[in-house]
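# Structure at a glance
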Amino acid sequence: MNHSPNDLIMLFNGLFREAFRTILVKGDNEPEYLPAGGTDDVAQVVFAHGYYASALHEISHWCIAGEHRRTLHDYGYWYCPDGRTSAQQKAFEQVEVKPQAIEWLFSAAAGSRFHISVDNLSGGGASDEHGFRCRVLAQAEDYLASGLPERAQAFFDTLKSFYGTGASFSKAWREDARRVVPLYFAKEHFEAN
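Residues numbered from 1 in each chain as written. Predicted model: local features only at pLDDT ≥ 70, side-chain atom pairs only at ≥ 80, totals over all residues. Heavy atoms only, no water.

## Section: the overall build of the protein chain
When its secondary structure is counted, the protein chain shows seven helices and three strands. Seen in sequence order, the protein chain has helices and strands lined up from the N terminus as α-β-β-β-α-α-α-α-α-α. The proportion of buried residues among the 193 residues of the protein chain is 43%. Taking all contacts inside the protein chain whose residues are at least 6 apart in sequence as the whole, residues at least 24 apart take part in 65%. When the accessible surface of the protein chain is split by element, carbon and sulfur atoms take 52% of a total near 10200 Å². (Helix = DSSP H or I, 4+ residues; strand = E, 2+ residues; numbered from the N terminus. Buried < 20%, exposed > 50% of the residue type's maximum accessible area, 1.4 Å probe, protein only. Contact = heavy atoms within 4.5 Å. Areas by Shrake-Rupley, 256 points an atom, 1.4 Å probe, with all protein chains shown as cover.)

Here it is as structure tokens:
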């Protein structure tokens, strides 16, 4: 299946440009969110280097940012770059559970491969990678059971329709969950037997 970031731009802008005065933009550098500068401007969700996965991740952050946060550069969030201390990494992992759960569901809906990101390659790595993977999985499962936030649900449904994954989503999701969090499912299997 072809996964062009241009398709995501078309889908996102078609859904949200008018209703939320927000567009998805292919960036040359690091991702960022730029709020609208005035009443006639649009906000921009800028994803990194034209990468498909970066677009899905940045869209997931936008989908959970509240109305006030969408008026702030990068939603007003603290961000400490790669090379974080253990305490900084733990804080990073706590705030990344929901966006990565949504990104994962978007990826599955698009039929693309998802990768958990602890985003700390030059630091000490994850503070608890298995725990983080399990928390992201649990959040994604909760979203599937209870529904995603409104904008995320609209984009999720649009991706399934555009990529034709609606009928096969449940099966593909279970297979991908086993791939991304294999120890979780090994434990589940062990406890069942």
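From this point, the narrative continues.
## What to know about the packing of aromatic side chains
Tallying each qualifying case throughout the model produces 14 aromatic pairs. Relative to Phe169, the ring of Phe156 has its centre 5.2 Å away and its plane inclined at 85°; by these criteria the two rings are edge-to-face. Here Phe156 is found in helix H5 (residues 150-163), whereas its partner Phe169 is found in helix H6 (residues 169-180), with 13 residues between them in sequence. A relative accessible area of 6% places Phe169 in the buried class. Look at Phe169 and Trp173: their rings are 6.4 Å apart centre to centre, the planes differ by 10°, and that puts the pair in the stacked class. Taken together, the residues span about one helical turn, with Phe169 and Trp173 both in helix H6 at a distance of four residues. Joined through ring pairs, the aromatic side chains of Phe12, Phe16, Phe20, Trp62, Phe106 and Phe155 make up one cluster. A cation over an aromatic ring shows up here: Arg151 above the ring of Trp62, its NZ or CZ 4.6 Å from the ring centre. Lying across the ring of Phe169, Lys160 places its NZ or CZ 5.5 Å from the centre. (Phe/Tyr/Trp six-rings, centres within 6.5 Å; stacked < 30°, edge-to-face > 60°. Lys NZ or Arg CZ within 6 Å of the ring centre and 35° of its normal.)

## With respect to the sheet that holds strand S3 (residues 43-47)
Paired through their backbone hydrogen bonds, the strands of a sheet run either parallel or antiparallel. With mixed pairing, three strands are arranged side by side in an open sheet as S1-S3-S2. Whereas interior strands pair on both sides, the edge strands pair on one side only; in this sheet they are strand S1 (22-26) and strand S2 (32-34). Direction aside, the axes of adjacent strands within the sheet are offset by 20° on average. With three bridges joining them, S2 and S3 adopt antiparallel strand pairing. Residue pairing in the sheet places Glu32 in a bridge with Val46 of S3. The sheet strands contacting helix H1 (residues 5-20) are S1 and S3, and the helix crosses S1 at an angle near 160°. Along the sheet, helix H2 (residues 52-64) makes contact with S1, S2 and S3, crossing S3 at roughly 145°. (Pairing = 2+ DSSP bridges. Axes fitted to C-alpha atoms, helices over the stretch in contact; angles between N-to-C directions.)

## A look at the layout of surface pockets
Here the largest pocket defines a volume of roughly 1100 Å³. As for the largest pocket, its lining consists of 34 residues, of which Pro31, His57, Glu58, His61 and Glu96 are closest to the centre. At 10 residues, helix H3 (residues 86-110) tops the list of elements feeding residues into the lining of the largest pocket. Looking at side-chain class alone, the lining of the largest pocket contains 16 nonpolar, nine polar and nine charged residues. (1 Å grid on protein atoms, 1.4 Å probe; cavity = no way out; pocket = protein on both sides within 12 Å on 5 of 7 lines; lining within 4 Å. Points joined across faces, edges and corners; volume = space filled by probe spheres on them. Nonpolar A, V, L, I, M, F, W, Y, C, P; charged D, E, K, R; others polar.)

## Examining H2
For H2, with 13 residues, the first-to-last C-alpha span of 19 Å sits near the 18 Å given by 1.5 Å per residue. The element H2 is largely enclosed, with a buried count of 11 among its 13 residues. Burial in H2 covers these residues: Tyr52, Ser54, Ala55, Leu56, His57, Glu58, Ile59, Ser60, His61, Trp62 and Cys63. (Expected span 1.5 Å × (residues − 1).)

## Quick look at the environment of Arg135
For Arg135, the position within the fold is in helix H4 (residues 129-146). For Arg135, a relative accessible area of 37% corresponds to the partly exposed category.

## Some words on the pattern of salt bridges
Within this structure, the stated rule accounts for three salt bridges. A salt bridge links Arg179 to Asp176, with the nearest nitrogen and oxygen atoms 2.7 Å apart. Taken together, the residues Arg179 and Asp176, both in helix H6 and three residues apart, mark about one turn of the helix. Looking at Arg179, the relative accessible area reads 28%, which means it is partly exposed. The exposure class of Asp176 is buried, given its relative accessible area of 13%. (Salt bridge = Lys/Arg side-chain N within 4 Å of Asp/Glu carboxyl O.)

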